[in-house]
Amino acid sequence: MKLSSKPGARRATPIVVALVTGLSLALTACGGTTVNSGSSGGAGGSTATASANPDAPLKEGLKIAFLPKQLNNSYFTVTDRGGKTAVGEFKGVFSEVGPSEASASSQVSYINTLTQQGTDVIATSANDPKAICSALDEARSGGAKVVTFDSDTDPECRDIYINQATAEGIAATQVKLISEAIGADGGDIGILSATANATNQNAWIALMKKELEKPEYSKLKLVATVYGDDNAQKSQQEVQALLQQHPTLKGIISPTTVGVAAAAQYLSGSEYKGKVQLTGLGFPSQLKEFVKNGTMKSFALWDVEKLGYLTAYAGAALASGQITGAEGEKFKAGDMGEFEVGANGVVLLGNPTVFTADNVDKFNF
């Protein structure tokens, strides 16, 4: 995910998860910020410094490449569409490349190719926090700016991370929605995730487990976490196995747009419809029918298209020298307005939206 990621849906201000960064930050005498360019934590990083100039114009002709976890994933299709819109506004050159399957190392060859092509900005949602770091180090050493979105790398491997929502906010929302759907009696629940190494998914799951320790959720018991690899068929197979292995299951949380849509499709046509509750991070366009037919009561997401739009503008601001990724720097993201870089190079999109039968028709993504 895709909270698959926007909505994530797109789609998602509570406390930002603390990330350890290797960037060296210092204020200059003229009020700008200096940071080491290139990778500070990997091989080949440059020791030259760059100074932020917030008044610098956005450069035209910037080559901005979006590298999602996988192509032909509806979440990233919409996210990248937002990026393409932004790139068109500041007269850059947009491209989208990526693997067909979301495996840990599948993005490496694409990063290497983008580096060889002299790409100015690589915007990527990482399938694994470490697997692509060496390739990103090489890209940054060659002058590229790296912006992660949706799913972060280790912080030292990128310049900025566009966080769709705080991990705490997403986790709290998911647990609250499944609790409300199941009711006061509680029961066993399972989690259907994306890939086992997805940074964002694992952060959310860890925080959901902490959330479940709260007294108000004492009647909910997490019995299993399974992985559908953001593949609809595999996700449905995992749901089927989950239900067979845990006949007392009362609810499923799927914080990935591919997984929650696949789970909804399976439950809708099964004997479990209305008996096993479902929530997750999904698109209103994909899930509205399942809310209306009683398969699920609610789900959440952020504006995914805006996530891609913000990512592109952040990359352009970096490549144009407006910002360096230091805390407190500000940049304008087109018609979305001004954003500020937070601790550890994190920029927050906003809060997730909860969708129910009462409001789901108001959204068109």
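Residues numbered from 1 in each chain as written. Predicted model: local features only at pLDDT ≥ 70, side-chain atom pairs only at ≥ 80, totals over all residues. Heavy atoms only, no water.

An unreviewed UniProt entry annotates the protein as Rhamnose ABC transporter substrate-binding protein of Arthrobacter sp. K5.

Draft legend 1. Just the packing of helix α2 (residues 108–116) against helix α3 (residues 133–141), in detail. Packing of α2 against α3 leaves a shortest axis separation of 9 Å and a crossing angle of 10°. It follows that α2 is roughly parallel to α3 by the angle criterion. For the pair α2 and α3, contact is made by V108, I111, N112 and T115 and by A135, L136, E138 and A139, respectively. Grouping the constituent residues of the contact of α2 with α3 by class yields five nonpolar, two polar and one charged. (Axes fitted to C-alpha atoms, helices over the stretch in contact; angles between N-to-C directions. Helix = DSSP H or I, 4+ residues; strand = E, 2+ residues; numbered from the N terminus. Parallel < 35°, antiparallel > 145°, perpendicular 65-115°, else oblique. Contact = heavy atoms within 4.5 Å. Nonpolar A, V, L, I, M, F, W, Y, C, P; charged D, E, K, R; others polar.)

Draft legend 2. Focus on the nonpolar core. Ranked by size, the top nonpolar core spans 79 residues in total, and within it I162, M296, W302 and F331 carry the most contacts. Considering each element in turn, this core owes the most residues, 11 residues, to helix α9 (residues 304–319). When near neighbours in sequence (up to four residues on either side) are disregarded, M296 contacts V260, A264, L278, T279, L287, F290 and V291. Counting residues in hydrophobic clusters, the runner-up holds 14 residues, among them I111, A126, C133 and A135. (Core = buried A, V, L, I, M, F, W, Y, C linked by side-chain atoms within 4.5 Å. Buried < 20%, exposed > 50% of the residue type's maximum accessible area, 1.4 Å probe, protein only.)

Draft legend 3. Geometry of the state of the cysteines. Applying the stated rule across the entire model yields one disulfide. What pairs with C133 in a disulfide is C157, and their sulfur atoms sit 1.8 Å apart. Taking the sign of the S-S torsion, about 100° here, the bridge from C133 to C157 comes out right-handed. Remark: C157 occurs in the loop between β7 (145–149) and β8 (160–163) and C133 occurs in helix α3; sequence separation between them is 24 residues. We classify C133 as buried; its relative accessible area is 9%. Of the residues examined, C157 reaches a relative accessible area of 2% and is grouped as buried. (Disulfide = S-S within 2.5 Å.)

Draft legend 4. Seen up close, the sheet that holds strand β12 (residues 277–280). If you walk across this open sheet you meet the four strands as β10-β9-β11-β12, and the pairing is parallel. Unpaired on one side and paired on the other, β10 (220–227) and β12 mark the two borders of the sheet. With strand direction ignored, the average angle separating the axes of adjacent strands in the sheet is 20°. Across seven bridges, strand β9 (residues 187–193) lies against β10 in parallel orientation. (Pairing = 2+ DSSP bridges.)

Draft legend 5. Region of the structure containing the packing of helix α1 (residues 74–89) against α9. Relative to each other, α1 and α9 sit at 45°, their axes nearing to 6 Å. The angle between α1 and α9 places the two elements in the oblique class. Crossing geometry of α1 relative to α9 is assigned as right-handed. Counting all contacts with α1, which are made through Y75, V78, T79, R81, G82, G83, T85, A86, V87 and E89, the residues of α9 involved are V304, E305, L307, G308, Y309, A312 and Y313. For the contact of α1 with α9, a count of residues per class yields nine nonpolar, five polar and three charged. (Left-handed = near helix turned anticlockwise from the far one by under 90°.)

Draft legend 6. Main features of the packing of aromatic side chains. Within this structure, the stated rule accounts for 14 aromatic pairs. Pairing F331 with F339 gives two aromatic rings, centres 6.4 Å apart and planes at 25°, and the pair type is stacked. By the burial criterion, F331 is buried, and F339 matches it. Aromatic side chains F363 and F365 sit 6.1 Å apart centroid to centroid with 70° between the ring planes, which places their arrangement in the edge-to-face category. Overall, the relative accessible area of 25% leaves F363 in the partly exposed class. (Phe/Tyr/Trp six-rings, centres within 6.5 Å; stacked < 30°, edge-to-face > 60°.)

Draft legend 7. The arrangement of the environment of V346 in detail. Structurally, the position occupied by V346 is in strand β16 (residues 346–348). A C-alpha to C-alpha distance of 9.8 Å links V346 and D152, two positions 194 residues apart in sequence.

Draft legend 8. Fine view of the sheet that holds β16. Read across the open sheet, the six strands follow the order β5-β4-β6-β7-β8-β16; overall the sheet is parallel. Strands at the two margins of the open sheet, each flanked by one partner only, are β5 (93–96) and β16. Averaged over all pairs of adjacent strands, the angle between strand axes in this sheet comes to 20°, irrespective of strand direction. Sheet topology note: the strand β4 (residues 63–67)/β5 ladder contains four bridges and is parallel. Across the sheet, the residue bridging to A65 is S95, located in β5. With respect to the sheet, α9 is in contact with β4, β6 (121–124), β7, β8 and β16, its orientation differing from that of β7 by roughly 160°.

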